[in-house]
Amino acid sequence: MRALGIIVVILTGAVLLYALGDFPSWADPTSPAHKHVSPAYIEKSLEQTSVPNIVTAVLADYRGYDTMFETTVIFGAGVVCFFLLRTPRKDRARVRRYRHVLTGMTIRVKETRKTPLVLEEFERIDTLWAPHDLIIKTACRILIPFIQLFALYVIAHGHHSPGGGFQGGVILGASLILLAISHDLRTALGRMSERLHAILCPIGVFIYAGTGALCLALGFNFLDYGALARILHVDPVTARSHGILIVEIGVGLAVMATMVWIYSNISSKGKYDEGL
Amino acid sequence: MIWQLDLAILTLVVVTAIGAIAVKDLLGSAILFGAYSFMMCLLWSIMGAVDVAFTEASVGAGVSTVFFVAAVFRTTRRTKD
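Residues numbered from 1 in each chain as written. Chains lettered and ligands numbered in written order. Predicted model: local features only at pLDDT ≥ 70, side-chain atom pairs only at ≥ 80, totals over all residues.

Draft legend 1. How the structure looks around the environment of Ala209(A). Within the secondary structure layout, Ala209(A) lies in helix 8 (residues 194-217). Sequence-wise, Ala209(A) and Ser31(A) are 178 residues apart; in three dimensions their C-alpha atoms are separated by 35 Å. (Helix = DSSP H or I, 4+ residues; strand = E, 2+ residues; numbered from the N terminus.)

Draft legend 2. View of the environment of Thr72(A). All names here are of chain A. Turning to its location among the elements, threonine 72 is positioned in helix 4 (residues 64-85). Owing to 15 C-beta atoms within 10 Å, threonine 72 belongs among the partly exposed residues under this scheme. Distance from threonine 72 to valine 255, taken between C-alpha atoms, is 9.7 Å for residues 183 residues apart in sequence. (Buried ≥ 20, exposed ≤ 12 C-beta atoms within 10 Å, placed from the backbone.)

Draft legend 3. Spotlight on the packing of helix 5 (residues 134-156) of chain A against helix 6 (residues 165-182) of chain A. Residue and element names in this part refer to chain A. Between helix 5 and helix 6, whose axes approach to 8 Å, the crossing angle comes to 170°. Taken together, the axes of helix 5 and helix 6 lie roughly antiparallel to each other. Every pair of crossing elements has a handedness; the one defined by helix 5 and helix 6 is left-handed. Contacts between helix 5 and helix 6 involve Ile136, Lys137, Cys140, Ile144, Ile147, Gln148, Phe150, Ala151, Leu152, Val154 and Ile155 from the former and Gly165, Gln167, Gly168, Ile171, Leu172, Ser175, Leu178, Leu179 and Ser182 from the latter. Looking at side-chain class alone, the contact of helix 5 with helix 6 contains 13 nonpolar, six polar and one charged residues. (Axes fitted to C-alpha atoms, helices over the stretch in contact; angles between N-to-C directions. Parallel < 35°, antiparallel > 145°, perpendicular 65-115°, else oblique. Left-handed = near helix turned anticlockwise from the far one by under 90°. Contact = placed C-beta atoms within 7 Å. Nonpolar A, V, L, I, M, F, W, Y, C, P; charged D, E, K, R; others polar.)

Draft legend 4. Broad picture of the pairing of strand 2 (residues 106-109) of chain A. Residue and element names in this part refer to chain A. As defined by bridge partners, strand 1 (residues 96-100) adjoins strand 2 across four bridges and the pair is classed as antiparallel. Along strand 2, the bridge assignment pairs arginine 97 with arginine 108. Count of turn residues in the strand 1/strand 2 antiparallel hairpin: five residues, of which glycine 104 carries a positive phi of about 80°. (Pairing = 2+ DSSP bridges.)

Draft legend 5. Fine view of the sheet that holds strand 1 of chain A. All names here are of chain A. Read across the sheet, three strands follow the order 2-1-3 without closing on themselves; strand pairing throughout is antiparallel. Each edge of the open sheet carries a strand with a single partner, namely strand 2 and strand 3 (122-125). Here the average twist between neighbouring strands, direction ignored, is 35°. Sheet topology places strand 1 next to strand 3; four bridges connect them, and they run antiparallel. By the bridge assignment, arginine 97 is partnered in strand 3 with isoleucine 125.

Draft legend 6. Expanded view of the packing of helix 3 (residues 54-62) of chain A against helix 10 (residues 236-267) of chain A. All names here are of chain A. Across the interface, helix 3 lies against helix 10 with an axial gap of 10 Å and an inter-helix angle of 80°. On the basis of the axis angle, helix 3 is roughly perpendicular to helix 10. Touching Thr56, Ala60 and Asp61 of helix 3 are Arg240, Ile244, Val247 and Glu248, all from helix 10. Of the residues belonging to the contact of helix 3 with helix 10, the class tally is three nonpolar, one polar and three charged.

Okay, structure coming up:
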């Protein structure tokens, strides 16, 4: 079976290498894609959408459907992770560990009806993974706001520089995951609860699809942001630029919520109690 | 495009890809996969596709490595085969 797998892999690789010969060489100006498609975008996109970054214009405007369903796929991944992994709250940890904040001593408590501790002096720690490092915690606490600020910049500045909803959303989600790793999962969930993830995720997709539907309601094509000119009181070209921004915000929300959602489901085995 | 740099990165792409499959330790495999994604990110940025490189760096090298590490943490570190 193993030999068969290797043979299949080698054959596929050989076919791909053989097909590579028919490809135009890299950055060949006479290749079909660069003859008709690229010049149209390069010449027209700035005057049609007033977005200097052509990639953003193509992704969010000319191929808006594609990006909308990419966002839906991300949303679907989050929902599937939730349905596969999430377990009801009944199945919570039998043994809990607490750390005495002042002395650093840890104690282990078996399952009881009530917690016989003065909880201000103790903090709950995970049974498997209990890092207690002041340097890491402080460094991450200082770093996280700047990461989030950068993520917002990436989303908002996607018109002019590389970036956009996907990248900004992932960075925003990564900052919350960093909080969960450097402190613990309960701290991160205290900042942004599971319910909030589950609500923000469809809201992001809804903002995208809703913008498209709004254009449809105003008598234009689906996702033709020029229709927003009447609502935003700008000319149609600027309206397309604003439409791209609205859509990018939706993508960013959906992606951020999904990343944190998937992470908390995987790292806590769906119990939302003890994480990585 | 500097061909020496290109060659070095392409070699590292192949090495990390084979390593990620061959290594028995799944945590090491996840880290190698992150390194592979980062090399791909460098390759995209050499070719001038900065948006794709950005996505690859944030999604491929960043978040998906964290997902893999979390999955390894919750399952097992050794492969069966």
